[in-house]
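Examining the three-dimensional arrangement
The residues making up each chain are set out below.
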Amino acid sequence: RIAAIPSALYAIQGVLTYKAFLTLDALTFNGLSQTKMLSAGICCYLVLGKKQSPLQILALSLLFVSALFFQGMFTTAATSTTTTSDANSSLSKKKKQ
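None of these values were measured; they are calculated from a predicted model.

**Some remarks on the overall build of the protein**
Looking only at helices and strands, one finds four helices and zero strands in the protein. Within the protein, the fraction of its 97 residues that count as buried is 8%. Accessible surface, the protein as shown: approximately 8300 Å² in total, 71% of it carbon and sulfur.

Right, here's the structure in full:
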């Protein structure tokens, strides 16, 4: 009786995770999966008022940075410049043909 609500939520989460796996590309799905623990830590702090230890805060921060890194938020200007120049040269070759 007590476990009915958590088990129902876990089942719904499983169905939604499977649906996300089918519809999202691998990089986005992985990024969202990594942020699940971060949001749980934030909700634990906001809703329950439970503070995290400095080591837990460091771990959550590293998780957040890695999620941003794998989503491509930390791209360098050189990479974007190279990609843009490659795209422009490909476009100019197509126009010449």
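Right, picking up where we left off after that structure.
**Observations concerning the environment of Ser66**
Summarising the element assignment, Ser66 is placed in helix α3 (residues 54-70). Residue Ser66 is classed as partly exposed on the basis of its relative accessible area of 23%. In the structure, Ser66 is positioned 35 residues away from Gly31 in sequence and 8.7 Å away in space, judged by C-alpha atoms.

**Here's the deal with helix α2 (residues 26-48)**
The first and last C-alpha atoms of α2 sit 33 Å apart over 23 residues, in line with the 33 Å expected at 1.5 Å per residue. The largest bend along α2 reaches roughly 25° and is located at Lys36. If you check which residues of α2 are buried, you get Phe29, Gly31, Gln34, Leu38 and Gly41. One or two positions beyond α2, positive phi appears at Gly49, with a value near 75°.

**Examining the packing of aromatic side chains**
The final tally for this structure, using the stated rule, is one aromatic pair. A ring pair is formed by Phe21 and Phe29, whose centres lie 5.5 Å apart and whose planes are at 70°; its orientation type is edge-to-face. With relative accessibility at 51%, the residue Phe21 sits in the exposed group.

**Concerning a nonpolar patch on the surface**
Side chains of Ile42, Tyr45, Leu46, Val47 and Leu48 sit close together on the surface and give an oily, nonpolar patch of about 570 Å² of accessible area. As for its placement among the helices and strands, Leu48 is situated in helix α2.

**A closer look at helix α1 (residues 4-23)**
With 20 residues, α1 extends 29 Å between its outermost C-alpha atoms, agreeing within 8% with the 28 Å of an ideal straight helix rising 1.5 Å per residue. α1 sits mainly on the outside: zero of its 20 residues count as buried.

**Section: the packing of α2 against α3**
Following both chains from N to C, one finds α2 and α3 inclined at 160°, their axes separated by 9 Å at the closest point. When the interaxial angle is binned, α2 and α3 end up roughly antiparallel. In this structure, α2 crosses over α3, and the sense of that crossing is left-handed. Residues Leu27, Gly31, Gln34, Thr35, Met37, Leu38 and Gly41 of α2 form the contact with α3, whose own contacting residues are Leu60, Leu63, Phe64, Ser66, Ala67 and Phe70. Residue composition of the contact of α2 with α3, by class: eight nonpolar, five polar and no charged.

Each value, and the rule that gives it
- Throughout this description, residue numbers start from 1 for each chain and increase along the sequence as written.
- Local features in a predicted model are, by the rule used here, given only for residues with pLDDT of at least 70; side-chain atom pairs are given and counted only at 80 or more, and totals for whole chains, interfaces and linings are based on all residues.
- Each side-chain value is derived from all of the structure's non-hydrogen atoms; neither hydrogens nor water enter the calculation.
- Elements are defined by DSSP. Helices are runs of H or I of four residues or more, strands are runs of E of two residues or more, and each kind is numbered from the N terminus.
- Under the scheme applied here, a residue whose accessible area is under 20% of the maximum for its type counts as buried, over 50% as exposed, and between as partly exposed, the area being computed with a 1.4 Å probe on protein chains only.
- Per-residue and other accessible areas were derived by the Shrake-Rupley procedure at a 1.4 Å probe size, with only the shown protein chains allowed to occlude residues.
- Multiply 1.5 Å by the residue count of a helix minus one, and that product is the helix's expected span.
- Two axes are fitted around each residue, one to the seven residues ending there and one to the seven starting there, and the angle between them is reported as the bend at that residue.
- Each aromatic pair joins two rings of Phe, Tyr and Trp (for Trp, the six-membered one) with centres within 6.5 Å, and gets the label stacked for planes under 30 degrees apart, edge-to-face for over 60, and tilted for any other angle.
- Only residues whose relative accessible area exceeds 30% and that form no salt bridge are eligible for patches; like-charged ones are grouped when within 9 Å, while nonpolar side chains (Val, Leu, Ile, Met, Phe, Trp, Tyr) are grouped when within 5 Å.
- Note on definitions: salt bridges are taken to be side-chain nitrogens of Lys or Arg within 4 Å of carboxyl oxygens of Asp or Glu.
- Angles here are taken between N-to-C directions and fall from 0 to 180 degrees, while the axes themselves are lines fitted to C-alpha atoms, restricted in helices to the stretch in contact.
- Geometric relationships in this document are graded by angle, where less than 35 degrees denotes roughly parallel, more than 145 denotes roughly antiparallel, 65 to 115 denotes roughly perpendicular, and other angles denote oblique.
- Here a crossing is taken to be left-handed if its near helix is turned anticlockwise relative to the far helix by less than a right angle, and right-handed if that turn runs clockwise.
- Contacts were defined at the residue level, with two residues in contact if any of their heavy atoms lie within 4.5 Å.
- Amino acid classes used here: Ala, Val, Leu, Ile, Met, Phe, Trp, Tyr, Cys and Pro are nonpolar; Asp, Glu, Lys and Arg are charged; the rest, including Gly, are polar.

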